[in-house]
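Below, each chain spelled out in residue letters.
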Amino acid sequence: DFQLAVNTEKANVELAKANVNIKHSVYLRYLELKQNKNLSQNELDIAKTEFDVAKANLKLAKVGLQQAQLDLSRTQISSKISGYVSRRNIESGSWVSRGDLLYQIVNIDTINIRLLASEYEINSLKVGQMMQVWAESNPQSAVMAKIKRIGIEFATDSFAYPVDIEIANQEHLFKPGMSVHATTKIDLATAAKTSPTSTQNR
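Small disclaimer: the values here were computed from a predicted structure and weren't measured.

### Points about the sheet that holds strand E7 (residues 180-183)
Sheet architecture is open: five strands sit in the order E3-E6-E5-E4-E7, paired in antiparallel fashion. Each edge of the open sheet carries a strand with a single partner, namely strand E3 (110-117) and E7. Neighbour-to-neighbour, the strand axes of this sheet turn through a mean angle of 40°, independent of strand direction. Here strand E4 (residues 130-135) pairs with strand E5 (residues 138-150) via five bridges, running antiparallel. Considered in E5, the bridge of Ala135 is made with Asn138.

### Re the environment of Ala54
Inspection of the secondary structure puts Ala54 in helix H2 (residues 41-73). A C-alpha to C-alpha distance of 74 Å links Ala54 and Ile147, two positions 93 residues apart in sequence. Residues in contact with Ala54, not counting those within four places in the same chain, are Asn19, Val20 and Lys23.

### Points about the layout of surface pockets
Within this model, the largest pocket holds a volume of roughly 740 Å³. What lines the largest pocket is a set of 21 residues, among which Arg74, Thr75, Ile77, Val96 and Leu102 lie closest to the centre. Split into classes, the residues belonging to the lining of the largest pocket amount to nine nonpolar, seven polar and five charged.

### What to know about H2
For H2, with 33 residues, the first-to-last C-alpha span of 48 Å sits near the 48 Å given by 1.5 Å per residue. For H2, the full list of buried residues reads Leu44, Ala47, Phe51, Ala54, Leu58, Ala61, Leu65 and Ala68.

### Quick word on unusual backbone geometry
Of note, Lys37 is a non-glycine position whose phi angle comes to about 60°, a positive value. Within the secondary structure layout, Lys37 lies in the loop between helix H1 (2-35) and H2. Of note, His172 is a non-glycine position whose phi angle comes to about 55°, a positive value. Topologically, His172 is positioned in the loop between strand E6 (161-168) and E7. Owing to a relative accessible area of 32%, His172 belongs among the partly exposed residues under this scheme.

### Some thoughts on the packing of aromatic side chains
Counting across every chain of the model gives two aromatic pairs. Aromatic side chains Phe2 and Trp95 sit 6.1 Å apart centroid to centroid with 65° between the ring planes, which places their arrangement in the edge-to-face category. One end of the pair, Phe2, is in helix H1; the other, Trp95, is in the loop between strand E1 (84-88) and strand E2 (103-106), with 93 residues separating them in the sequence. A relative accessible area of 75% places Trp95 in the exposed class. Note on Tyr27 and Phe51: the rings are 6.1 Å apart at their centroids and 15° apart in plane angle, and the pair reads as stacked. With Tyr27 in helix H1 and Phe51 in helix H2, the pair connects residues that are 24 residues apart, well separated along the chain. Residues Tyr27 and Phe51 agree in their burial class; the two are buried.

Cut-offs applied
- Residues numbered from 1 in each chain as written.
- Predicted model: local features only at pLDDT ≥ 70, side-chain atom pairs only at ≥ 80, totals over all residues.
- Heavy atoms only, no water.
- Pairing = 2+ DSSP bridges.
- Helix = DSSP H or I, 4+ residues; strand = E, 2+ residues; numbered from the N terminus.
- Axes fitted to C-alpha atoms, helices over the stretch in contact; angles between N-to-C directions.
- Contact = heavy atoms within 4.5 Å.
- 1 Å grid on protein atoms, 1.4 Å probe; cavity = no way out; pocket = protein on both sides within 12 Å on 5 of 7 lines; lining within 4 Å.
- Points joined across faces, edges and corners; volume = space filled by probe spheres on them.
- Nonpolar A, V, L, I, M, F, W, Y, C, P; charged D, E, K, R; others polar.
- Expected span 1.5 Å × (residues − 1).
- Buried < 20%, exposed > 50% of the residue type's maximum accessible area, 1.4 Å probe, protein only.
- Phe/Tyr/Trp six-rings, centres within 6.5 Å; stacked < 30°, edge-to-face > 60°.

Given below as structure tokens:
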């Protein structure tokens, strides 16, 4: 609807321009006739008034076009950051107000992942230790990461200890909601491909 309104106002501007050209031409012809004393002053005044009205209508048409373009621009909402849409609260075409939560966007260039380690595994882990991590959906694309934090309390719901790691994810191999696996048994080919510098905490 807003795009149609813009197109309509553009057409109105073109019509107003054409009318201005016609009224201007008539006024110039009447002005010449008046100078040759072949036209009354009243007829010249009427032609001048009609020309002025046509110019005013053109200005109004341009204002209408500007308003329609402004309304159309307000139908597109842009995010100030780039990222991954993790939640959507509206559908295309919905009416929204200032302050409404539309989308939840997260930057996934660097992501934090929480792993679960059993009571047996926790004794072999320490902060700063390197791990090899991969997504269940893409096990061939493993990366290196460092352990940032190890929980000291046993989680009763999972019967495991939380282990937090941070991954440099510029290629967006990992996305929110993915199942992730990790191991401390480092594959040398993966370690060479993913330098430790790229996985430093930021």
